[in-house]
Amino acid sequence: MHPLTPMARPKVLYVVHNHPEIRPGGVEVYSQELFEAMRGGGEFAACLLAKAGPPFSAAQRPHEGTMISMVHPADDSQYLFHNEGGDYDHFLGAACAKEYLVTYLDRFLTAVRPDVVHFHHTVFLGYDALRQVRNSLPAAPIVCTLNDYLPICHRNGQLLRTNDHERCHEASPRRCHECFPGIAPREFFLRERFIKAQLELVDRFVAPSEFLRERYAAWGLPREKIICENYGRAPVSARAGAGSPDGSRWRFGFFGQLSLFKGVHVLLDAMKILERLQPGVAHLWLHGNNLDLQPPDFQASLGARLAETAPTVTNAGPFQRVELRLLMENIDWVVVPSLWWENAPLVIQEAFMCGRPVICSDIGGMAEAVTPGRNGLHFRAGDAMSLAETMRRAATTPGLWAELRRHLPVSYPVAEHAEKLAGLYRQLIAQRRALS
Amino acid sequence: MPPLSGHLWLNHHVLLVINPAGAAARISARWRISLPGADSGSPVRAELLGFATPVEAGRAVPGTSAEFACNFVVPEVVPSDDESFLPFLRTALSWGLPAAETHLLAERLHLIREATRLHHPAPLFAGRPLLCVDVVARSGEFSVYLKGWWRNCHGRPVSLTAISPEGERHDLLGTLCHFPRNDIEPAYAGDLYTGFTAFFRLDQPSLLRTGWLLEIETADGFIAETPTPSVLEEPEPVLAAVLPDMQIDRSPLSPQAVEQVHGIISQLQARRLGNFFPEQELQFGAPPPNPVLSVIIPLYGRVDLIEHQLAQFALDPAWAGCDLIYLLDSPELWQRVAWRAEWLARLYRLSLRIVRCNQSGGYAAVNNVGARLARASLLLFLNSDVLPVAPGWIERMMASYRRRPGIGALGPKLLFEDNSIQHAGVGYVATNDGFGWDTLPFFKGLHRNFPEAAQPRRVPAVTGACLMVDQGLFQSVNGFDQGYIQGDFEDMDLCLRLLRAGCQNWYDPEIELYHLEGVSYPLAQRMRHATYNRWLHSHKWSAVIEKLVNQSDASVATAARIIA
């Protein structure tokens, strides 16, 4: 326990776009872990405000006219904020009905009076929620974790161009219009100016990877305002065992969404090639979800690939995070074949925590998280042949698996992460005081 | 029985009894009609205005309680071809009619016209139309613009007469201007067509939208008539129908045709803006006690731009001293704007006013209203699609204005969204397109840091998208000219008047903003109005512009200095 008495602890408010109880997405789970670590033993008392209702949940607010509700009756620090899901401008990322911010968010903020507000996302709340925090709490620093590239890229922040899924190196009104011919270049200019005007109010951005930090700096956020700080994670129960009983290393696993951006089709193509190169040895377990949400043509082409690779691929379906260690027990390598840059993929952290080296695309946040030859291997993103070769090399190079496994980075405990963030909060509070 | 008196008029065996009492139908009496000069044996029909059924004298009127045979003294007979006929009829019909019932009067006049005139055949020759009216546009009750064509098979007509629904005849041959109508020929191959436009003033007011006729008499004595499309009265349809006539087939402008277009449009503008006023004003946030600057921003169509501007303005503390006025020039969007502005003012903690005028007025009219409502002695006219590059520009711009004695208008550097130059001052350049000049937007499209655009300089004019001017000065030159359509050349016009008043206009690149030209005022719409506005600008300023053009040479940099 921190030496300060509970009464004297300053308070941080975490704002999230969704609560893991409603839908356990990666950011939701991480922000919940951070919140629990901070309030459990951190220097700051913590409070959490998660946006509820559509589109994540069909649940209406329990008390009509009251926009705040509790997550658990016994928990005095977790709240849900019920604005309407449809009342959000997806293009600008702005609240349509400002009343939710000006009246109801203000009431919550001025009642709870946090000393710091830390956003994990503004989606479905509005970037202009930042403006309301600045209005309601002039002295409170605003911290914002950049979990994705949504401010930069209207295509769900994928940074992949719409015509051929080419990775996008630079957003501009003209290039964004090329991706969305129905939206004029000027609208993209207005979008960027609007978002930047709101982000201007943030005291410090937290980038979970260097790659993401550089992308935002290139986009125009002041580099000195962005600190690079990886996600700290609650540890899994134990490292998985030493792999297959016969000592072979031909078992591969994929964890994540079965989407085009995640490159799952590249992995299936690689399995096909691998089967030609060295028949009957490799096997792939697909642990994925949301295939039903993918575009029909992608579903069809993936279905065809699954049929072609049927004997060598097990489509295991969705999984829960608590099952992760058990599932990893059954495989030797985790493959992360994403076509997009990624940020700091949680699946890589989880693979390392479970004692599994990673084979990943040689780009962006993946390349940053995995050092080839030390704790994993890279292949040319999108290139099934390169992936097949890499998988074969991984399985057939004597001693490689054990060597890589020896050097897996130790996991970054969330408690340490919380401590580091507390230091940042303290510093920012002092800076704002000095200014006023 | 009350005494009946009235006016009778006889023509072609039709008798009109114009009963000023209006309530004639309810009078239960026997009327006898005696007609001076009428042959007692000839059949005489009587039509009583207000009665639906024509009656023959001496017979009972079905559906009325009266037996219809009356003794009627005819005090006055006015033949229809007499000059005084229409004024007489109008006076006679107005008796007993409430002043507001002008439309009823017009309908009665039309009834009489139809009952009394000679009806001619449709203008067909060998199965094809000989005459056609494309457009009848009216501004107010007197000014009429008419456009149509005739087929050349009979040579030039010996008369061409427009007849108003209320019966006024106006000869067009003397004033119309004509031009080839190649666009009709594919439809009726082999013939030649002459198009014409005419602009004229009626002696008597016309209100009805249907019932116009055009009558033609050909050289070989053939007389025919054609109906016309409904009269256009609303500004937008009139502009859309009339403005293309400025330039037929891209041929050089005929001064006469242009004068006719100018005739109807200037009437239209004057009429519409004569009745333009702010109807509602809402203040959000506490108004600044002594504002140093009034910022006047018209909102047209894209009212969402207010959010984009406020999100940027909120980052600049200088707005605390500014009187910010949004004027809605799309009155139909008022509810949306009022609701939005209230919440935006609270979210961004800015003080602002929104103003609704009674109708859409265009750039000049709206900004003139804005200037009248302004509380500060310094004005900034700003478009809703102008966004600052960074905070601090307001104070720099005010300082720039104040340190230049003798300044008229001040304009900043404006950038497109791709950081190329949208505005760095405007001049004029010689052309050979019939106007003799065109506007020259200095350095437009060039790099933001183009060296010549980086120097403050005196320029002939600056854009109205972001124009700073002293309130007293602005009023002394009578503000923006409201004769232009919708948002083009008003700024040039203002700047020329400031020059004439002895001031200098300045461009200062130390101040930079973005201007998404065309978002607040769509370019296609602007282009439709451009020829007229350019002509009007020439018309007003030809001598000054000629001087400016002659002083310049092909070099952009030199052109920028011509005023100095």
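Residues numbered from 1 in each chain as written. Chains lettered and ligands numbered in written order. Predicted model: local features only at pLDDT ≥ 70, side-chain atom pairs only at ≥ 80, totals over all residues.

Peer 1: Talk me through the overall build of chain B; I want residue IDs and the actual numbers.
Peer 2: If you tally the helices and strands in chain B, you get twelve helices and 29 strands. Every one of the 564 residues in chain B was classed for burial, and the buried ones make up 42%. Excluding contacts between residues fewer than 6 apart, the proportion of contacts in chain B whose partners are at least 24 apart in sequence is 76%. (Helix = DSSP H or I, 4+ residues; strand = E, 2+ residues; numbered from the N terminus. Buried ≥ 20, exposed ≤ 12 C-beta atoms within 10 Å, placed from the backbone. Contact = placed C-beta atoms within 7 Å.)

Peer 1: For the overall build of chain A, give the residues involved together with the corresponding values.
Peer 2: Of the regular secondary structure elements, chain A holds 14 helices and 16 strands. Computed over its C-alpha atoms, the radius of gyration of chain A comes to 23 Å, within 12% of the 22 Å expected for a compact globule of 436 residues. Summarising its shape, the C-alpha atoms of chain A cover approximately 70 × 55 × 40 Å along the three principal directions. In chain A, which comprises 436 residues, the proportion classed as buried is 48%. The long-range fraction of contacts in chain A, counting pairs at least 24 apart against all pairs at least 6 apart in sequence, stands at 71%. (Rg over C-alpha atoms; globule rule 2.2 N^0.38 Å.)

Peer 1: Just give me the short version of helix α7 (residues 362-373) of chain B, but keep the residues and values in it.
Peer 2: Given a rise of 1.5 Å per residue, twelve residues ought to cover 16 Å, and the 17 Å separating the end C-alpha atoms of α7 of chain B matches this to within 8%. Taken as a whole, α7 of chain B has its buried residues at G362, Y363, A364, A365, V366, N367, N368, V369 and G370 of chain B. (Expected span 1.5 Å × (residues − 1).)

Peer 1: For helix α12 (residues 384-396) of chain A, give the residues involved together with the corresponding values.
Peer 2: Residues lying three or four places apart along an α-helix face the same way, a consequence of the helix completing one turn every 3.6 residues. Residue and element names in this part refer to chain A. The terminal C-alpha atoms of α12 lie 18 Å apart, and with 13 residues this matches the ideal 18 Å at 1.5 Å per residue to within 8%. All buried positions along α12 are accounted for by A384, L387, A388, T390, M391, A394 and A395. One side of α12 holds all its buried residues, which, seen down the axis, span an arc of 165 degrees. Elements that come into contact with the buried residues of α12 comprise β11 (251-257), α7 (264-277), β14 (333-336), β15 (358-361), β16 (376-379) and α13 (400-406). (Arc of directions from axis to C-beta.)

Peer 1: Could you give an account of unusual backbone geometry, naming the residues involved and the relevant values?
Peer 2: Residue and element names in this part refer to chain A. Non-glycine residue F124 carries a positive phi angle of around 75 degrees. Note on F124: 23 C-beta atoms within 10 Å, which makes it buried. At H165, a position not held by glycine, the phi torsion is positive, near 60 degrees. Within the element layout of this structure, H165 appears in the loop between β8 (142-145) and α4 (173-179).

Peer 1: Lay out the domain arrangement of chain A in plain terms, naming residues and giving numbers.
Peer 2: Residues and elements named next belong to chain A. Split by domain assignment, chain A resolves into domain 1 (6-234 + 414-435) and domain 2 (251-406). Each partner contributes residues to the interface: domain 1 has 18 residues there, and domain 2 has 13 residues. Those elements that provide at least two residues to the side of domain 1 that touches domain 2 are α1 (26-41) and α6 (210-219). By residue class, the composition of the side of domain 1 that touches domain 2 is eight nonpolar, six polar and four charged. (Domains from an automatic or database assignment. Nonpolar A, V, L, I, M, F, W, Y, C, P; charged D, E, K, R; others polar.)

Peer 1: So, the sheet that holds strand β9 (residues 131-139) of chain B: which residues are in play, and what are the values?
Peer 2: All names here are of chain B. The sheet built from four strands is open, its strands ordered β9-β10-β14-β13 with antiparallel pairing. Of all the strands in the sheet, the pair left with one neighbour each is β9 and β13 (177-180). Pairs of neighbouring strands in the sheet enclose a mean axial angle of 15 degrees, with direction left out of account. Note that β13 and strand β14 (residues 193-201) share four bridges and pair antiparallel. Along β14, the bridge assignment pairs C177 with T197. Its contacts with the sheet put helix α4 (residues 255-273) on β9, β10 (143-151), β13 and β14, and the angle it makes with β14 is roughly 40 degrees. (Pairing = 2+ DSSP bridges. Axes fitted to C-alpha atoms, helices over the stretch in contact; angles between N-to-C directions.)

Peer 1: Outline the interface of chain B and chain A, listing residues and values.
Peer 2: In this complex, chain B contributes 15 residues to the contact, which on the side of chain A involves 19 residues. Looking at the side of chain B that touches chain A, the elements that each hand over two or more residues are α5 (305-313) and α6 (334-348) of chain B. When residues of the side of chain B that touches chain A are assigned to their parent elements, the largest contribution, five residues, is made by α6 of chain B. Among the residues forming the side of chain B that touches chain A, the class breakdown is nine nonpolar, two polar and four charged.

Peer 1: Please give an account of the nonpolar core that cites residues and values.
Peer 2: In terms of nonpolar packing, the biggest core is built from 258 residues, with L267, I348 and M391 of chain A together with I296, Y326, L327 and M468 of chain B touching the most fellow members. Residues within four places of M391 of chain A in sequence aside, it is in contact with F252, A270, L274, A282 and I359 of chain A. Residues L89, A106, L109 and I112 of chain B belong to the second largest nonpolar core, which totals five residues. (Core = buried A, V, L, I, M, F, W, Y, C linked by C-beta atoms within 7 Å.)

Peer 1: Pulling in residues and values, what's your account of the packing of helix α2 (residues 99-112) of chain A against helix α3 (residues 129-136) of chain A?
Peer 2: All names here are of chain A. Between α2 and α3, the shortest axis-to-axis distance is 9 Å and the interhelical angle comes to 50 degrees. As far as their axial angle goes, α3 and α2 are oblique. As for the relative orientation of α2 and α3, their crossing is right-handed in sense. Where α2 abuts α3, its residues L101, V102, L105, D106, L109 and T110 lie against A129, Q132, V133 and S136. Among the residues making up the contact of α2 with α3, the classes are represented as six nonpolar, three polar and one charged. (Parallel < 35°, antiparallel > 145°, perpendicular 65-115°, else oblique. Left-handed = near helix turned anticlockwise from the far one by under 90°.)

Peer 1: So what about the pairing of strand β19 (residues 322-328) of chain B? Which residues, and what values?
Peer 2: Residues and elements named next belong to chain B. Within β19, seven of the seven residues are buried, leaving the element largely enclosed by the surrounding structure. On β19, burial covers both faces: C322, L324, Y326 and L328 on one face and D323, I325 and L327 on the other are all buried. By the bridge criterion, seven bridges tie strand β18 (residues 293-299) to β19 in an arrangement that is parallel. When the sheet's bridge partners are listed, I296 is paired in β19 with I325. On the question of chirality, the crossover connecting β18 to the parallel β19 by way of α5 is right-handed. Two elements, β19 and strand β20 (residues 352-357), share four bridges in a ladder whose sense is parallel. When the sheet's bridge partners are listed, I325 is paired in β20 with R353. Crossover handedness for the path β19 to α6 to β20: right-handed. (Right-handed = clockwise from strand over helix to strand, strands pointing away.)

Peer 1: Give me the lowdown on the confidence of the model for chain B, citing residues and values where you can.
Peer 2: All names here are of chain B. Scored by pLDDT, chain B has a mean of 81; 79% of the residues are at 70 or more. Taken together, the stretch residues 1-76 has pLDDT below 50 and engages in 115 contacts with residues farther than four places along the chain or on a different chain. Both confidence scores are given for the complex: pTM 0.84, ipTM 0.89. (pLDDT = per-residue confidence, 0-100.)

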